[in-house]
Amino acid sequence: MEPVSESALAQAVRGADGPLAIRGGGTRGGAPPRDGTVLSVAGLTGITLYEPGALTLVARAGTPMAEIDAALEAEGQRLAFEPWDARAVLGRDGVPTLGGCVATNASGPRRMVAGAARDSVIGMRFVDGTGTAVKSGGRVMKNVTGLDLAKLLCGSRGALGVITEVSLKLLPGIAATATLAADGLSPDAAVAAMSAALCTPYEVTGAVHDPAGPRTLLRLEGTEASVSYRADALARALSRHGDWRAEHGPGPWADLRDARDFAGGAGDLWRISLRPSDAPATVAALPGRWRMDWGGGLIWAEAPEGTDLRAALAGAGHATLVRAGADTHRALGTLHPEPAPVARLTDGLRARFDPRGLFSAHPGVPA
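Residue numbers here run from 1 along each chain, matching the order of that chain's written sequence. In keeping with the predicted nature of the model, local features appear solely for residues at pLDDT of at least 70, side-chain atom pairs appear and are counted solely at 80 or more, and the whole-chain, interface and lining totals rest on all residues. The basis for every side-chain value is the complete set of non-hydrogen atoms in the structure, without hydrogens or water.

Notes on the side chain of Thr179
Counted only if it meets this: Only runs of H or I of at least four residues qualify as helices and only runs of E of at least two qualify as strands under DSSP, and these elements are numbered from the N terminus. Here a polar contact is taken to be a pair of N or O atoms separated by no more than 3.5 Å, where protein atoms must pair a possible hydrogen donor with a possible acceptor and residues adjacent in sequence count only if both atoms sit in side chains. Any two residues whose heavy atoms approach within 4.5 Å are treated as being in contact.
Summarising the element assignment, Thr179 is placed in strand 10 (residues 176–183). A distance of 2.9 Å separates the side chain of Thr179 from the side chain of Trp253, its partner in a polar contact. Those residues in contact with Thr179 that sit more than four places away from it in its chain are Leu217, Leu218, Arg245, Ala246, Glu247, Gly251, Pro252 and Trp253.

Quick word on the pattern of salt bridges
We count it as follows: Any carboxyl oxygen of Asp or Glu that lies within 4 Å of a side-chain nitrogen of Lys or Arg is treated as forming a salt bridge with it. A simple rule labels every residue: compare its accessible area, found with a 1.4 Å probe on the protein chains alone, to the largest value its type can have, and call it buried under 20%, exposed over 50%, or partly exposed in between.
Inspection of the entire model under this criterion finds 16 salt bridges. With its nearest N and O atoms 2.7 Å apart, the salt bridge here joins Glu247 to Arg215. Of this pair, Glu247 sits in strand 13 (residues 245–248) while Arg215 sits in strand 12 (residues 215–222); the two residues are 32 residues apart in sequence, bridging distant segments of the chain. On the basis of relative accessibility, which here comes to 30%, the residue Glu247 falls in the partly exposed class. Arg215 gets classed as partly exposed once you look at its relative accessible area, which sits at 25%. Close ionic contact of Arg323 with Glu302 constitutes a salt bridge, the shortest N to O distance being 3.1 Å. In this pair, Arg323 is assigned in strand 17 (residues 317–323) and Glu302 in strand 16 (residues 298–303), connecting sequence segments 21 residues apart. Given the relative accessible area of 7%, Glu302 is considered buried. One continuous salt-bridge network, built from bridges that share partners, spans Glu82, Arg110, Arg219 and Glu221.

Observations concerning the state of the cysteines
The line we're drawing: The disulfide criterion used throughout: a pair of cysteine sulfur atoms within 2.5 Å.
Per the stated rule, a full pass over the model turns up zero disulfides. Between Cys154, a free cysteine, and Cys101, which holds the nearest cysteine sulfur, the sulfur-to-sulfur gap is 9.3 Å.

Here we look at the layout of surface pockets
Test applied: Of the grid points, spaced at 1 Å and generated over the protein atoms alone, those admitting a 1.4 Å probe that cannot get out make up cavities, while open sets with protein on both sides within 12 Å along at least five of seven lines make up pockets; any residue with an atom within 4 Å of a point is treated as lining. Grid points are joined across faces, edges and corners, and a volume is the space filled by probe spheres set on the points.
Roughly 950 Å³ of volume is contained in the second largest pocket. In this structure, the second largest pocket is lined by 33 residues; those nearest its centre are Asp69, Arg78, Glu82, Arg110 and Arg257. Residue assignment for the lining of the second largest pocket shows that the elements contributing at least two residues are helix 2 (65–74), strand 5 (77–78), helix 3 (87–90), strand 10, strand 12 and helix 9 (253–257). Among the elements that take part in the lining of the second largest pocket, helix 2 stands out by supplying six residues, more than any other.

Focus: the side chain of Asp128
Defined as follows: Counting rule for charge: Lys and Arg are taken as positive, Asp and Glu as negative, and neither His nor the chain ends is counted.
Its location among the elements puts Asp128 in the loop between strand 6 (121–127) and strand 7 (133–137). Here Asp128 occupies a buried position and makes no salt bridge, while the nearest side chain of opposite charge, Arg356, is found at 7.7 Å. In this view, Asp128 contacts Val13, Val134, Leu160, Gly161, Phe353 and Phe359; residues no more than four positions away in its chain are not counted.

Some points on the environment of Ala266
One can find Ala266 in the loop between helix 9 and strand 14 (268–274). Between the C-alpha atoms of Ala266 and Ala61, which are 205 residues apart in sequence, the distance is 33 Å. Each residue touching Ala266, except ones within four places of it in the same chain, is listed here: Glu302 and Arg323.

So, the pairing of strand 15 (residues 290–293)
Rules: Any two strands between which DSSP finds at least two bridges are classified as paired.
Residues of strand 15 alternate between two faces, with Trp290 and Met292 on one and Arg291 and Asp293 on the opposite face, all of them buried. Sheet analysis places strand 15 next to strand 16, joined by four bridges and oriented antiparallel. In the sheet register, Trp290 faces strand 16, and the bridge partner there is Ala301. Between strand 15 and strand 16, which pair antiparallel one after the other, the connecting turn spans four residues, and Trp294 there sits at a positive phi close to 55°.

Right under this line is the structure:
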């Protein structure tokens, strides 16, 4: 089913007599597909409202991210949360959509300072499991009644309802970028350097450590004059953490955002979220390649097929399985297991939003 309006989608949900498999652009689902009739939002496309002066954009869920990026670029604006594109690591060739981005809360290197996708959502329309169209939040920040409900759907991966429209707050575009790089730092030294950089007033928007080298990278964004000044000042401030050199230009951040260094790799791929202070001990226990992002708060990690990488965390964080075979996804679960109290809350929400269980055939499978 591929409805072209919210009302048609609501009717399809009301008439469903079994599980529904929600689909967007087909680029983010690393887990086995949900059982059931495919319900696509690809027909719900288009930017319905864009007010550059108010830094606000509203678009339907099936709108390609490329269309949104092009509209924003034309006005010198951008999304704050820098959504990552999963096609490289999953070997997909579909079209990333706004709905899939929001449903998986997709966020890139800037997430540590600008927030995740849910932090940019100010309103949403969705259809719940009863076939009811629900509106929450608003189209401008002064009218955000029900905003918490909209944020609840962000990252829900289609388990609570079908997102049909999203309202986003925006940021001005970026005129210049510089990358500070230092070679030879150990994981401990790299986390110390990244933490020190993030505690300065120089507005670091990316902090990555790649053990291949090893190389530690810090990103600065803004006007050309500001970036140039801050790069020099930050290099001086970090002098005791290594020898830093500035590289002006876009740098490798798009590839780092999309984890292209792990594309086509052998084994399973995981994203581990944890406290930066726990990152050095965690990477020391990992069985394969890894890379730090978010100043050490995110680790991309490969592991031999079927390996339960969560065992290496020892309670230090949580891990999401991004790329693996269907049997591994089923055996280990795509998402980190929830503590019992949280699981009870999750079950209660699903019972309220999806009383017939239409969207929960395989909980945790990305939309």
